[in-house]
Structure formats: structure tokens, C-alpha cells
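Structural characterization, general
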Amino acid sequence: MIDEILPPWVASAEKFGDVPEETLFPEERPLIARAVDRRRREFVTGRHCARLALARIGVGPVPIPRGERGAPVWPAGTVGSITHCSGYRAAAVASADVARAVGIDAEPHEPLPEEVLSTIASREEIAALRAMGDADGEVCWDRILFSAKESVYKVWFPLTGRWLDFTGAVVDIEPSGTFRARLLVADPAIATNTLPGRWVVSDGHIATSIALPRP
């Protein structure tokens, strides 16, 4: 699923089930020592996907520690992103020679709770969601918006080292499978105020991605 919305210079791997915990490196085990079972399985399979994706760009298996705000610490010379939701885990990576950042997110294809939507979307975005829902009520447009904003953050944070709230970007979704995020917060490290992305709905899941090429 995730490879459908990534450019050819980004490698990816995905799993619809979990792998044994023995796939972890010893250095990674303390990171989930106190985690509940669900979180442990997400972490283990997410790291497994990350190593599969890294292998596809010629990087051997290495530990992937956790950095600030829980973000994965990628091997030198690489950038990437990990995502997981119920029944799905994936990772996407690229060489830092060709990419500045990669962000992916996966969600169940189901509506957002109303109280969540009101905290992550602007009036402009909510109006656009309603219009798209009137045109195609089979797609959970609100969940696509949520996922797109998660992908925005996963690109923003590694480049800037700063938190970005859901209200820090306005996302325009196209029914064709693309979106465009307009950043409302400036940072010289990101050097753009518009982030183009793609989305897909498949087998009960939503996935979104943003891949920033290096100029």
C-alpha cells in the first residue's frame, strides 16, 4: 500500500501482521521494557520494516534508537519515517543524498471522533471536508486530513527540531489522491511553506506520505 504513494527514490516495507520480538537489537530492547503488549508489537514490527527498507537502499541491519519526542534515529546518511496502526506497520527511507525528509502515516479508514476533528482542523478545512463528503460519502476525508497532518509533522520535526501543532498547517485534499499542506509557521530549516503529498485508501486503511527531494 505505502509504495503506491512514494516516489521511486524512496524505499519502503510494510507488514499487516507482527514479527517476533527476537528481531530487535539488544540496544532497542530497553526502549520498550515497560511498554504494554500493543506498543511492544508496534515497535518491534516497525523497526523490522525499517531495516527491510534500509536494506533496499544498501544499508545493513543496524539498531534504530529513539530520539527527541520519540522520533527514530536513522543511520547516518539516511532519512525516514515509521508508522503503525491497528493491523498495519510500515517504514519508508531514502538516502540523504537524494531526500531532505520523508514522512508517512497510516490510519484505520474510519471517521474521526467529532471532538478530535474540531481540535485538528480549521473552519476552512472542515468546510472542505463537508463538501467532499457530499460528493463521495464512502471516503473518510476527516481521517485523511488527520493522517496528512501527521505526515506533515514527520517531515517538519526532523528538519526544524520544533513542535508543530495540528493548526500549524492547512491541508487541501484532492480527491485524485494528492494533498497540499500550507505551513502557517515559518522556519529557515524547511525552506518552503508548501508541502505536497499523496494519499491512498486500501483494505480498510489510509496512508499518507510526503517526500521532500534534495535540490
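Summary of the structure given here. What you see as residue numbers is a count from 1 along each chain, following the sequence as written. Under the rules for a predicted model, residues below a pLDDT of 70 receive no local features and side-chain atom pairs below 80 are neither given nor counted, while totals for whole chains, interfaces and linings still include all residues. Side-chain figures throughout are based on the complete set of non-hydrogen atoms in the structure, without hydrogens or water.

Taken together, the 3 strands give an open sheet; going across it, the order is β1-β3-β2, and neighbouring strands pair in antiparallel fashion. Edge positions in the sheet fall to β1 (11-15) and β2 (78-85), since each has one partner strand and no second. Direction aside, neighbouring strands of the sheet carry axes that sit 10 degrees apart on average. When DSSP finds two or more bridges between two strands, those strands count as paired. A helix here means a DSSP run of H or I that spans at least four residues, while a strand means a run of E at least two residues long, and both kinds are numbered starting from the N terminus. For β1 and strand β3 (residues 88-95), the ladder comprises 5 bridges, and the chain directions are antiparallel. For S12, the partnering residue across the bridge sits in β3 and is A92. Contacts are assigned to residue pairs that have any heavy atoms within 4.5 Å of one another. Under this scheme, a helix contributes an axis fitted over its contacting stretch, all axes are lines through C-alpha atoms, and angles between N-to-C directions fall in the 0 to 180 degree range. Along the sheet, helix α1 (residues 37-55) makes contact with β1, β2 and β3, crossing β3 at roughly 35 degrees.

On to the environment of M1, then. Residue placement: M1 occurs in the segment before β1. On a C-alpha basis, the gap between M1 and A106 in space is 9.9 Å, while along the polypeptide they are 105 residues apart. Among residues more than four places away in sequence, those in contact with M1 are E14, Y88, V200, S202, H205, I206 and A207.

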